[in-house]
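Structure at a glance
So the chains spell out like this:
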There are 2 protein chains.
Amino acid sequence: MVSTLKRWLIGRPLKSTELGEQRLNKKKALAILSSDALSSVAYGPEQILLVLITISAAAFWYSIPIGMGVLVLLLALILSYRQIIFAYPHGGGAYVVSKQNLGTYPGLIAGGSLLVDYILTVAVSVSAGTDAITSAFPALHAHTVSIAVVFVILITILNLRGLTESASILAYPVYLFVLALFILIGAGLYNILTGGVSPGLHAPIGTPVAGISLFLLLRAFASGSSALTGVEAISNAIPNFKDPAPNNAAKTLMAMGAILALLFSGIVFLAYYYGIVPKAEVTVVSQIAEQTFGRNFMYFFIQGTTALILILAANTGYSAFPLLAVNLAKDKFIPRMFTVRGDRLGYSNGIIILGFLSILLILASKGQTEELIPLYAVGVFIPFTLSQTGMMIKWIRQKPEGWVLKLIINTTGALISFTVTMMFFLTKLAQVWPVFVFLPLIVYLFNRIKKHYEAVSEQLRLTTCEPAVPIEGNVVILPVAGLTHVVEHSLNYAKSLSADQIIAVFVPFEREAGAQFEEKWSKWQPDVRLVTLHSPYRSIIQPLSKFIDVVQRKASESHYQVTVIIPQFIPKKGWHNILHNQTSFMIRAHLLYRKDVIVTTVPYHLKK
Amino acid sequence: MVSTLKRWLIGRPLKSTELGEQRLNKKKALAILSSDALSSVAYGPEQILLVLITISAAAFWYSIPIGMGVLVLLLALILSYRQIIFAYPHGGGAYVVSKQNLGTYPGLIAGGSLLVDYILTVAVSVSAGTDAITSAFPALHAHTVSIAVVFVILITILNLRGLTESASILAYPVYLFVLALFILIGAGLYNILTGGVSPGLHAPIGTPVAGISLFLLLRAFASGSSALTGVEAISNAIPNFKDPAPNNAAKTLMAMGAILALLFSGIVFLAYYYGIVPKAEVTVVSQIAEQTFGRNFMYFFIQGTTALILILAANTGYSAFPLLAVNLAKDKFIPRMFTVRGDRLGYSNGIIILGFLSILLILASKGQTEELIPLYAVGVFIPFTLSQTGMMIKWIRQKPEGWVLKLIINTTGALISFTVTMMFFLTKLAQVWPVFVFLPLIVYLFNRIKKHYEAVSEQLRLTTCEPAVPIEGNVVILPVAGLTHVVEHSLNYAKSLSADQIIAVFVPFEREAGAQFEEKWSKWQPDVRLVTLHSPYRSIIQPLSKFIDVVQRKASESHYQVTVIIPQFIPKKGWHNILHNQTSFMIRAHLLYRKDVIVTTVPYHLKK
């Protein structure tokens, strides 16, 4: 039944050879990988204005130069990541680039930072989208958390079904959102050019403003650059592209950069020209839409697609997290299970864990995730900085053709990213301090896991260790609880193994029971040695365990192997299990974990 | 650590031979087994008045004849149970008596009824005691449920420590309560005799009352007889007494009956003479105490010991439930685990499950358990009726010396119990109907469990079935995941078993991996056959399972036994388990439950 439900939700399993068919063309890839970056247009410009308003509305003209700064940063990032795509055609990403050029620790910092960040992406963007929906339908407000959780579950299922299927569903909302914003910007500019908007709504650029400071401007710039989160997604996900993957990825990246630049500058300019003042209940984009169209169909179209793309931005996390996890798991820094492809060829463990942790985060923050945005931005800019620095080192070391230009591009990217990161630490420490807790913790964990795996493979390797201890003979211990068919079958099996010695063990709780059993046994199996272990404390495991120790010590002297044969009932129905004492299960677990004996389970399938 | 905590809470384990030392002398037995019955004095008389007040205060004089009726019932029950004690010296109880004399189904109804009733006892009495405490300290009122749960946990731990230890602690409050009530009754009577109480407070006996009906009087009688719950506890618990157990139990029973009769009639009489009117906030006993002593030390002493004995009444359930469960489990009507004595020789599974279910009931009813009292009373009077009827049948069949008197005593007991039961059904159906749901359900469950155990022992018995299938030879299947020490060790073991055939199985997810492995294998182990099962859907269990089916089919034709040898890592630390894919565990579970093959686990203990 579970398996039927799984089939229905996830679809039939796919063969490994069908992997190529699951890859993305440019159009779908743009939709699936850029929803995070594009959705930030819905809140990025607003973040700038929210800082400037702390001075006065007259300071709003600064949003134009700050917006230009963000565009320069965007250009630098896009060009840098384009170089990373070609330099690391198998999927670059900050982790791989930092690790290869800067060393393990910078790599782990970049990787750990991104891993946590993708969880934040999912939680933050789904909560934001849910907020947009519940603002439109206030009756749903009490259920914000439940709705957000349901969305995460739906997106998780879509991703478990596989890349192409989720891309097909997700492409429409993304393109509709882009279309809606282009119409909005176009209509807004048309209004301005035809004189439909009073030029007196905004202070002219260059108006002197009292109280403005470099710190405040930097803070506004840092806030605005949160619109650039998600830019790295494409370079992480090159393996998901159809061949030639790097070329397709680079083209998609450039297309995304161009769209993002147009939308961002359009919204910043309209907000400035209209003299929009950010309000708690109405977003900046919503105010622009209302002033441009009034509250008609277009207004609701823009609001609807915005809500949708905010929720879908979570999907970027689902594309990037499992691939990053695979890279980390291949290097043995996180559990191996992340490298296993599920039925539908996606890395299902990564997808499920991402969904699970995001839901936990939404529940823990009760859906109020706005406070997490700066933390999330820092979590992006730290790996940005590290990967750009890594690329600088690469060009300096390898000096390929045209390396100076490449070095200049990545150096610019590194410097700007570093500046933005520092700005976050300087201006928003109250919100970003957790990064100093979880980054060291996560890097420590990565190292512990790696050490364990290395220790294991060291112990398993055939060449390094001494040859295996030879097995000269076998001693079989058979705990018996009565004279039954199960015991008979197990004994026959023990005899068939041509063991050198078979010892049946009986553990009575009372003296009389032991004597009685010994008598019956000697009649039934006179040639098999029976040992009776009296147990005054009514434990079966303790006396058995001591006895096995004694046998083991003697056996190991002559290189004999000790095997314990345990009969186990297998009831026909699940609930029958509570009717049996599970003694065999407990003996087996105890022996395997505590002793160095081989444990053989002889199942006895009950027929009714 | 868990084990240290357990030692500290429960104490050191006891040897089976120390069982005698855990038995109770009469003084302790009276305390431990009669707290339920004696505590009912605190609410029984009040129940009568609560029914009479629905007519008028003038009807209160009826409490005197009704109280006498209850005393007659008490006398009949005590005498009947005294006969049961001597007739069933190994622990009678309604279940055993009904089953032996009336048949299995009456026995199961009595047993099931009592089993549920003991859970009610614990929940109801602990809640009542907690209410008494939170009435005294209103600040605690918000925490009633938590306090009740803590009390249940404490009583559970006391009982897990063992009988004598809990008896020592529990004896003081019980005797203090008895002492307190004797002082109260004595002082009250002294006041009346010395003329300190106005004789005008109560209507004289015989005053005609308008609106009184037989139905109402019966209802009042049924309510009053709820003071007799707990009378059966001693006859259930004879095995807990020091030798000679039946004599000691009978003496304890008579002592309890005498104390109960004195306290009950004293309270009923004082309540009548003082003209006490039951109030929601203040109990009848509390009103009598206040009128007798005023609000001084004696008043609080009586209130305190009453609260304490109500909580300790739960302990009667803890003495009786595990013993009843043992009897039912010995007859295979409930899971066998109830017959296992724990470290301290108590039947710890019964004690723990009783505690757990009572806590569930307290949580489910949010501590408001008053509504459960009639249900609880019916659950006592059904087995009362059945066991007395059983004794009637026994005397008629066996006709021992003096059987006519014995028959008369038990017949009286049976008739009165039956009448009380019927009264509950007639007058309180709204509260007692659940008995018609859970009794059939529980009897059905008992039968299902019994059938399962019978089917199992039928299948296991050596004499009834055909001889076991002989094992002519062995085929060993060894799933391998790489060329490691673990595989080498497992292979050496397989070879040492002198199996007729050893097949190594490798399940690659990709074609190339399979070919590579085959090449390496043929160099390393040229004489061991390797089968490569290509798995396009990346499942290990499915192809392996199919392959085992094929091998099994061939093997069974020539009576060969198939053994699957599975190497399993045992990591050094618990958390390491999540770093390994648990494939061996899943293969093992699948094979044991689905196939008829023997599964051998070769542990490989990682050293770091």
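Residues numbered from 1 in each chain as written. Chains lettered and ligands numbered in written order. Predicted model: local features only at pLDDT ≥ 70, side-chain atom pairs only at ≥ 80, totals over all residues. Heavy atoms only, no water.

Here is the rule we go by: UniProt positions are given in the numbering used here, feature names are shortened, and annotations may be inferred rather than shown by experiment.
Under an unreviewed UniProt entry, the name given to chain A is APC family permease, and the organism recorded is Paenibacillus aurantius. Quoted verbatim from the Subcellular location (unreviewed entry) field of UniProt, the annotation for chain A is "Membrane".

**Things to note about the overall build of chain A**
Selection criterion: Helix numbers and strand numbers start at the N terminus; a helix is a DSSP run of H or I with at least 4 residues, a strand a run of E with at least 2. Both definitions apply: the radius of gyration is a C-alpha atom measure, and the globule rule equals 2.2 Å times residues to the power 0.38. Relative accessibility under 20% of the residue-type maximum defines a buried residue, over 50% an exposed one, and the middle range a partly exposed one, all with a 1.4 Å probe and only protein chains included. Here, two residues are considered to be in contact whenever any of their heavy atoms come within 4.5 Å of each other. Each accessible area is a Shrake-Rupley estimate made with a 1.4 Å probe; only the visible protein chains count as cover when residues are assessed. We treat Lys and Arg as the positive residues and Asp and Glu as the negative residues; His and chain ends play no part in the count. To locate a charge, take atom NZ for lysine, CZ for arginine, CG for aspartate or CD for glutamate.
Across its full length, chain A holds 22 helices and 5 strands. The C-alpha radius of gyration computed for chain A amounts to 33 Å, which surpasses the reference 25 Å derived for 608 residues by more than 25%, pointing to a less compact arrangement than a globule. Along the three orthogonal principal directions, the C-alpha set of chain A runs to about 110 × 60 × 45 Å. A total of 608 residues make up chain A; the buried ones form 56% of that total. Within chain A, contacts between residues at least 6 apart in sequence are counted, and of these 81% link residues at least 24 apart. When the accessible surface of chain A is split by element, carbon and sulfur atoms take 65% of a total near 25800 Å². In chain A, 47 positive and 30 negative side-chain charges are present, and the distance between their average locations comes to 4 Å.

**Considerations on the interface of chain A and chain B**
Here is the rule: Polar contact is defined as a pair of N or O atoms within 3.5 Å, subject to the rule that within protein one atom must be able to donate a hydrogen and the other to accept it, and that residues adjacent in sequence are counted only when both atoms are side-chain atoms. The classification used treats Ala, Val, Leu, Ile, Met, Phe, Trp, Tyr, Cys and Pro as nonpolar, Asp, Glu, Lys and Arg as charged, and all other residues, Gly among them, as polar. Two strands are said to pair when DSSP picks up at least two bridges between them.
The interface is formed by 76 residues belonging to chain A together with 76 residues belonging to chain B. Taken together, chain A and chain B are joined by 11 residue pairs in polar contact (both at pLDDT 80 or more). Looking at the side of chain A that touches chain B, the elements with two or more residues in it are helix H18 (435–460), helix H19 (485–496), strand S4 (560–570), helix H22 (583–594) and strand S5 (598–605) of chain A. Looking at the side of chain A that touches chain B residue by residue, the classes come out as 38 nonpolar, 21 polar and 17 charged. Summarising the sheet, S5(A) and strand S5 (residues 598–605) of chain B pair through 3 bridges and their orientation is antiparallel.

**Comments concerning the sheet that holds strand S3 (residues 529–532) of chain B**
Paired through their backbone hydrogen bonds, the strands of a sheet run either parallel or antiparallel. In plain terms, the rule: Axes, fitted as lines to C-alpha atoms, cover a helix only where it is in contact. Angles between the N-to-C directions of the axes lie from 0 to 180 degrees.
Taken together, the 10 strands give an open sheet; going across it, the order is S3(A)-S2(A)-S1(A)-S4(A)-S5(A)-S5(B)-S4(B)-S1(B)-S2(B)-S3(B), and neighbouring strands pair in mixed fashion. Both outer strands of the open sheet, strand S3 (529–532) of chain A together with S3 of chain B, are each paired with one neighbouring strand and no more. Each strand axis lies, on average, 25° off the axis of its neighbour in the sheet, ignoring direction. Pairing between strand S4 (residues 560–570) of chain B and S5(B): 8 bridges, direction parallel. Pairing of B:Ile570 across the sheet is with B:His605, part of S5(B). Contacts from helix H20 (residues 511–524) of chain A reach strand S1 (473–480), strand S2 (501–506) and S3 of chain A, with the element oriented near 175° to S3(A).

**Quick look at the environment of B:Phe293**
Following the sequence through the fold, B:Phe293 ends up in helix H12 (residues 284–293). Not counting residues up to four positions away in its chain, the partners in contact with B:Phe293 are B:Ile183, B:Leu184, B:Ala187, B:Met298 and B:Ile302.

**Topic: the relation of the copies chain A and chain B**
Here is the rule we go by: Residues below a pLDDT of 70 in either copy are left out; the C-alpha atoms of the rest, at least 70 in both, set the least-squares superposition of the copies.
With an RMSD of 0.2 Å, the fit of chain A onto chain B corresponds to turning through 179° and sliding 0.1 Å along the axis. Such a combination of turn and shift is consistent with a two-fold rotation axis. Across chain A, the smallest distance between a C-alpha and the rotation axis is recorded for A:Thr600, namely 1.9 Å. The share of interface residues of chain A whose copies in chain B are also at the interface is 100%, consistent with both copies meeting through the same surface.

**Description of unusual backbone geometry**
All names here are of chain A. Residue Pro244 is reached from Asp243 by a cis peptide bond, and omega for that bond is -10°. Its location among the elements puts Pro244 in the loop between helix H10 (233–236) and helix H11 (245–274). Even without glycine at this site, Lys399 takes up a positive phi of about 45°. Structurally, Lys399 is set in the loop between helix H15 (373–398) and helix H16 (403–427).

**A short note on the nonpolar core**
Here is the rule: Here, nonpolar core means buried Ala, Val, Leu, Ile, Met, Phe, Trp, Tyr and Cys residues that are tied together by side-chain atoms lying within 4.5 Å of each other.
Within the largest apolar cluster, 153 residues are counted, with the highest numbers of intra-cluster contacts made by A:Leu38, A:Leu52, A:Leu228, A:Val231, A:Ile288 and A:Leu328. When residues in this core are grouped by element, the largest group, 19 residues, is from helix H13 (residues 297–330) of chain A. In terms of nonpolar packing, the next biggest core, distinct from the first, is built from 150 residues, B:Leu77, B:Val149, B:Tyr299 and B:Leu354 among them.

**Some words on the packing of aromatic side chains**
The description of an aromatic ring pair rests on the distance of the ring centres and on the angle between the ring planes. Put simply, the test is: Think of it this way: a Phe, Tyr or Trp ring, Trp meaning its six-membered ring, pairs with another when their centres are within 6.5 Å, and the plane angle makes it stacked under 30 degrees, edge-to-face over 60, tilted otherwise. A positively charged side chain is recorded as over a ring if its NZ (Lys) or CZ (Arg) lies within 6 Å of the ring centre. The angle to the ring normal must also be within 35 degrees.
The tally for this structure, following the rule as stated, stands at 24 aromatic pairs over all chains. Centroid distance B:Phe425 to B:Phe436: 5.0 Å. Interplanar angle 35°. Geometry classified as tilted. Separated by 11 residues along the polypeptide, B:Phe425 in helix H17 (residues 403–427) and B:Phe436 in helix H19 (residues 434–460) bring together distant segments of the chain. Ring geometry for B:Trp521 versus B:Trp524: centroids 5.6 Å apart, planes at 80°, classification edge-to-face. Residue B:Trp521 and its partner B:Trp524 are both found in helix H21 (residues 511–524); the two are separated by 3 residues, about one turn of the helix. Through successive ring pairs, a cluster of aromatic residues spans A:Tyr81, A:Phe381, A:Phe384 and A:Phe424. Across the ring face of A:Phe333, the terminal group of A:Lys450 is positioned such that the distance to the ring centre comes to 4.7 Å.

**Description of the environment of B:Thr412**
Relative to the helices and strands, B:Thr412 is located in helix H17. C-alpha separation for the pair B:Thr412 and B:Gln388, spaced 24 residues apart in sequence, amounts to 8.7 Å.

**Regarding the confidence of the model for chain A**
Residues and elements named next belong to chain A. The following threshold applies: Each residue gets a pLDDT score, which is the predictor's confidence in that residue and runs from 0 to 100.
Model confidence for chain A is summarised by a mean pLDDT of 85, while 95% of its residues fall at 70 or above. For chain A, per-element mean pLDDT is lowest for helix H1 (residues 2–10), which scores 70, and highest for S2, which scores 92. In the predicted assembly, ipTM is 0.75 and pTM is 0.74.

**Considering the packing of H15(A) against H18(A)**
A packed helix pair is summarised by two numbers, namely the angle formed by the two axes and the spacing between the axes. All names here are of chain A. In plain terms, the rule: In these notes the angle categories are as follows: under 35 degrees is roughly parallel, over 145 is roughly antiparallel, 65 to 115 is roughly perpendicular, and the rest is oblique. Should the near helix be turned anticlockwise from the far one by less than a right angle, the crossing is termed left-handed; should it be turned clockwise, right-handed.
It is at 11 Å that the axes of H15 and H18 come closest, and there the two elements cross at 45°. With respect to their mutual orientation, H15 and H18 come out oblique. Helix-helix and strand crossings are classified by hand; for H15 and H18 the assignment is right-handed. Here Leu375, Val378 and Ile382 of H15 come into contact with H18, specifically with Val435, Phe438 and Leu439. In terms of residue class, the contact of H15 with H18 is built from 6 nonpolar, no polar and no charged.

**Some remarks on the pairing of S3(A)**
All names here are of chain A. Put simply, the rule reads: Looking down the strands as they point away from you, a crossover is right-handed if its path from the first strand over the helix to the second goes clockwise.
Looking at chain direction, S2 and S3 are connected through 4 bridges and run parallel. Counted as the bridge partner of Val505 is Val531 from S3. The β-α-β motif built from S2, the intervening H20 and the parallel element S3 has right-handed crossover chirality.

**With respect to a nonpolar patch on the surface**
All names here are of chain A. The line we're drawing: Here, patches come from residues exposed beyond 30% relative accessible area and free of salt bridges, joined within 9 Å for like charges and within 5 Å for nonpolar side chains (Val, Leu, Ile, Met, Phe, Trp, Tyr). The term salt bridge refers to a side-chain nitrogen of Lys or Arg lying within 4 Å of a carboxyl oxygen of Asp or Glu.
A cluster of nonpolar side chains, Tyr172, Leu176, Leu179 and Ile183, forms an exposed patch at the surface whose accessible area comes to about 400 Å². In this fold, Leu179 is placed in helix H8 (residues 163–193). When its relative accessible area of 44% is taken as the criterion, Leu179 is described as partly exposed.

**Describing the domain arrangement of chain A**
Here is the rule we go by: Note that the domain bounds were set by an automatic or database domain assignment.
Looking at chain A, the domain boundaries give domain 1 (2–453) and domain 2 (473–605). Put simply, the middle of domain 1 of chain A and the middle of domain 2 of chain A, counted by C-alpha atoms, are 61 Å apart.

**Concerning the pattern of salt bridges**
Residues and elements named next belong to chain A. Per the counting criterion, the structure on display carries 4 salt bridges over all chains. Between Asp331 and Lys99 there is a salt bridge, and its shortest N-O distance comes to 2.5 Å. Of the two residues, Asp331 is situated in the loop between H13 and helix H14 (348–364) and Lys99 in helix H5 (residues 93–102); the sequence distance between them amounts to 232 residues. Between Glu519 and Lys523 there is a salt bridge, with the nearest N and O atoms lying 3.8 Å from each other. Linking Glu519 with Lys523, this pair stays in helix H20, spanning 4 residues, or about one helical turn. Exposure remark for Lys523: the relative accessible area of 66% places this residue in the exposed category.

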